[in-house]
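One letter stands for each residue in the lines below.
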Amino acid sequence: RKNVPRLIEAYALLAPDVRSRCMLVIVGGRGWRGQKEDILHRVALHGLQEHVRILDYVNDQLLTRLYADSRFLVMPSLYEGFGLPVVEANRHGVPALVGSGGSLPEVGGDAALVVDPLDTESIRSGLERLILDDKLRSALAVNAIRNAARFSWPAAARQLLGLFDELAAARA
């Protein structure tokens, strides 16, 4: 679902000079249900050990630092019900590259570049654009904080209460 094997393949397809500009850091390993060995194998197969870091779950302090130090977030998932990492990255002014499945295009809004998660070349092209095109990345980053502001717990609570009020009124 997270599409990490295709992400590794797409990253491997980048020209070496492009790849050398941006390390790939993968966070959250425990949820991969045995995929970690496959991912490590793919990294080794393509000789990417110097360019790819695989971390398990990290504490909030390190996660915040990773977001803040990132050029962009990559989340080419096949499907996501929401995509909280996109909002978390956006809160740091970090744009995202997201897959077109599920909620990610809506969550990413105008702070994300959308790719076809089933097409390795589409992912590769998106990576290359965000690595090389400073103007595009900056434009998405400018939108990121505003995009993240659309999502807050108080706003979600207000919307939910509004829905309850509507339902109660309709029932009455």
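Details of the structure are given in the entry above.
Everything numeric in this text was worked out from a predicted model, so none of it was measured.

Below, the discussion takes up the pairing of strand S4 (residues 96-99). Every second residue of S4 is oriented toward a common face, with Ala96 and Val98 on one face and Leu97 and Gly99 on the other, all of them buried. Where strand S3 (residues 73-75) and S4 come together, three bridges link them in parallel fashion. When the sheet's bridge partners are listed, methionine 75 is paired in S4 with valine 98. As a crossover connection, the stretch from S3 through helix H5 (residues 84-91) into S4 is right-handed. Examined bridge by bridge, S4 and strand S5 (residues 112-115) share four bridges and lie parallel to one another. When the bridges of S5 are listed, valine 98 appears paired with valine 114.

Below, the discussion takes up the packing of H5 against helix H8 (residues 134-149). Axes are the key here: two packed helices are described by the angle between their axes and the distance separating the axes. At a closest axis distance of 7 Å, the pairing of H5 and H8 adopts a crossing angle of 125°. As the angle between them shows, H5 and H8 are arranged oblique. As H5 packs across H8, the resulting crossing turns out to be left-handed. Counting all contacts with H5, which are made through Val87, Asn90 and Arg91, the residues of H8 involved are Ala144, Ile145, Asn147 and Ala148. Taken together, the residues of the contact of H5 with H8 sort by class into four nonpolar, two polar and one charged.

With that settled, consider the nonpolar core. Residues Ile8, Tyr11, Leu24, Leu48, Val52, Leu127 and Leu130 are the most contacted members of the largest nonpolar core, which totals 25 residues. Mapped by element, the contributors of at least two residues to this core are helix H1 (4-13), strand S1 (24-27), helix H3 (35-45), S5, helix H7 (120-132) and H8. Per element, the largest residue contribution to this core is six residues, and it comes from H1. In contact with valine 52, other than residues within four places in its own chain, are Ile8, Tyr11, Leu24, Ile26 and Val43.

Looking now at the packing of aromatic side chains. One pass over the structure, following the stated rule, counts one aromatic pair. When the ring of phenylalanine 82 is compared with that of phenylalanine 151, the centres are 5.4 Å apart and the planes differ by 80°; the resulting orientation is edge-to-face. Of this pair, phenylalanine 82 sits in the loop between S3 and H5 while phenylalanine 151 is found in the loop between H8 and helix H9 (153-171), placing the two residues 69 residues apart along the sequence.

Turning our eyes to something else, we now look at the sheet that holds S5. As summarised here, the arrangement of the three strands in space is S3-S4-S5, forming an open sheet in which the pairing is parallel. Edge positions in the sheet fall to S3 and S5, since each has one partner strand and no second. Sheet twist, expressed as the mean angle between neighbouring strand axes with direction ignored, is 15°. Running over the sheet, H5 touches S3 and S4 and is turned about 170° from S3.

Before going further, it helps to examine the layout of surface pockets. Empty space left among the atoms is revealed by rolling a probe the size of a water molecule over them. Of the voids in this model, the largest pocket is the one considered here, and its volume is about 1200 Å³. As for the largest pocket, its lining consists of 38 residues, and the residues nearest its centre are Val25, Ile26, Val27, Leu73 and Val74. Those elements giving two or more residues to the lining of the largest pocket turn out to be H1, S1, helix H4 (60-69), S3, H5 and H7. It is H4 that provides the largest number of residues to the lining of the largest pocket, a total of six residues. In this structure, the second largest pocket occupies an estimated 320 Å³ of space. Lining the second largest pocket, in full, are Phe82, Leu84, Val87, Arg91, Arg150, Phe151, Ser152, Trp153, Ala155, Ala156 and Gln159.

How each quantity is defined
- Residues numbered from 1 in each chain as written.
- Predicted model: local features only at pLDDT ≥ 70, side-chain atom pairs only at ≥ 80, totals over all residues.
- Heavy atoms only, no water.
- Buried < 20%, exposed > 50% of the residue type's maximum accessible area, 1.4 Å probe, protein only.
- Helix = DSSP H or I, 4+ residues; strand = E, 2+ residues; numbered from the N terminus.
- Pairing = 2+ DSSP bridges.
- Right-handed = clockwise from strand over helix to strand, strands pointing away.
- Axes fitted to C-alpha atoms, helices over the stretch in contact; angles between N-to-C directions.
- Parallel < 35°, antiparallel > 145°, perpendicular 65-115°, else oblique.
- Left-handed = near helix turned anticlockwise from the far one by under 90°.
- Contact = heavy atoms within 4.5 Å.
- Nonpolar A, V, L, I, M, F, W, Y, C, P; charged D, E, K, R; others polar.
- Core = buried A, V, L, I, M, F, W, Y, C linked by side-chain atoms within 4.5 Å.
- Phe/Tyr/Trp six-rings, centres within 6.5 Å; stacked < 30°, edge-to-face > 60°.
- 1 Å grid on protein atoms, 1.4 Å probe; cavity = no way out; pocket = protein on both sides within 12 Å on 5 of 7 lines; lining within 4 Å.
- Points joined across faces, edges and corners; volume = space filled by probe spheres on them.

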